[in-house]
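# Descriptive analysis of the structure
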Amino acid sequence: MIKKNLPLLLFLIISLVYSQEQDCNCIDELDTMSKLIKNSKSYKTQIKKEARESDFNVWKEEIKREIANDSLSKFFCVGYLQKYISFIEDKHNQVYFIPDNITENVPTYSKEIDTTLKSTDQVSGIYYAGSDKVLVQKENDTIWYGITLKSDSKEWTKGKIRLRIEKTANNNFEIFEYFQNGLLFYQKNIEILNGRIHSTFWNKDNNYFFNKNFEDNFTYKSINSSFDYVGIKTLRRTNSLMKEAATFYENNLEKLTRENLIIDLRNNGGGSINQLKPLIKSLKRNKTIRKIYVLINFKTGSSAELATLALKEDKRTIIAGENSRGMVAYGYGNNSFSAKTNCLKYNVVLSTKRSGKYGRYENIGIKPNFELDNKSDWIDQIVKEEIAK
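Residues numbered from 1 in each chain as written. Predicted model: local features only at pLDDT ≥ 70, side-chain atom pairs only at ≥ 80, totals over all residues. Heavy atoms only, no water.

## Remarks on the pattern of salt bridges
- All chains considered together, the criterion is met by 19 salt bridges.
- Between lysine 83 and glutamate 174 there is a salt bridge, with its nearest N and O atoms 2.9 Å apart. Residue lysine 83 is found in helix 5 (residues 73–85), and its partner glutamate 174 is found in strand 6 (residues 173–178); the two are separated by 91 residues along the sequence.
- Assessed through its relative accessible area of 5%, glutamate 174 is described here as buried.
- Across the pair aspartate 264 and arginine 266 runs a salt bridge whose closest N-O atoms are separated by 2.8 Å. Residues aspartate 264 and arginine 266 agree in their burial class; the two are buried.
- Via salt bridges that share partners, Asp31, Lys60, Glu61 and Lys64 belong to a single interconnected network. (Salt bridge = Lys/Arg side-chain N within 4 Å of Asp/Glu carboxyl O. Helix = DSSP H or I, 4+ residues; strand = E, 2+ residues; numbered from the N terminus. Buried < 20%, exposed > 50% of the residue type's maximum accessible area, 1.4 Å probe, protein only.)

## A closer look at the sheet that holds strand 3 (residues 132–138)
- Read across the open sheet, the six strands follow the order 2-3-4-5-6-7; overall the sheet is antiparallel. Bordering the open sheet on either side are strand 2 (125–129) and strand 7 (184–190), each of which pairs with just one other strand. Neighbour to neighbour, the strand axes of the sheet diverge by 20° on average, direction disregarded.
- Where strand 3 and strand 4 (residues 143–150) come together, six bridges link them in antiparallel fashion. Bridged to valine 136 within strand 4 is glycine 146.
- Across the face of the sheet, helix 5 comes into contact with strand 5 (161–167), strand 6 and strand 7 while running at roughly 45° to strand 7. (Pairing = 2+ DSSP bridges. Axes fitted to C-alpha atoms, helices over the stretch in contact; angles between N-to-C directions. Contact = heavy atoms within 4.5 Å.)

Now the structure itself:
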């Protein structure tokens, strides 16, 4: 009897599984995320401890309405989940998904693309990010789409949407940005000014003076008779990097004899502040240096921000550049909490450790004492500023 009905049973099981896959929707994933987020350290300190569950539930209902009203929500779903958990000030809480097939997982702009239209607002226009070029076109009173015009990636064909920018009720901007690998990233309270979408690479001038691509993990050079330069690409604590760092400091710390020093932490995503301690200790003993410039940008994050704040304790230090990432109040400790959402299998990583001392920098970042623009080389701007004094 069992053998006779086995094909029917298998068919029913397969049909059920297929049906569940077809029924995957963003609202269900939001419900899953609302349960998973309770495992984060920041939920426990900011929501549960402060009795803000009701406010967080109201925010969830707002995200539900936004999802329901967005015709492209199936493409931007992971962005909406990121927006939901951004209610909690903790950038170590992350939900992400990198698709195998970008073409199928990224929306295509359905209207005519007209690059001849003159920009009537500060947002619209043509923007560049390396080899990629998009037209940011206004869709309605509050929404702009960044539409692919050109890319060196075959999957980013003309018409594919890279950006969704929205002006919020409090007149701030938020953005859903697709990276070239298909990962979708949400940011709130971004600034669009002087032809640049800040906290991104996108800018109208196709200039990247705020960026730094290090050839080596550790760099020392003499810029001129008044300036030494140290560049640190990463603070990761692997065995090989620890040995490389030790050798670098042994060979170069004694060379720091000029009156000005630039420590370049641009694009440094962190790791462990211990990686930088030999330099910090050496600087405390070094009385020759008159000024220490610490260079940061929007990708300087986590332990690199902690290192910046540690260097800032020296009265000679001047923070230069732009606001850092703002990923400093929480962390993963020895272990993060990780999981996947039930249906769409988005990756979820949550904080397990708190550093309450630096809560005011979370999401906002470290503000520089000396802001640099995107019109010329940042090192040159610092040197010229010092010469002009």
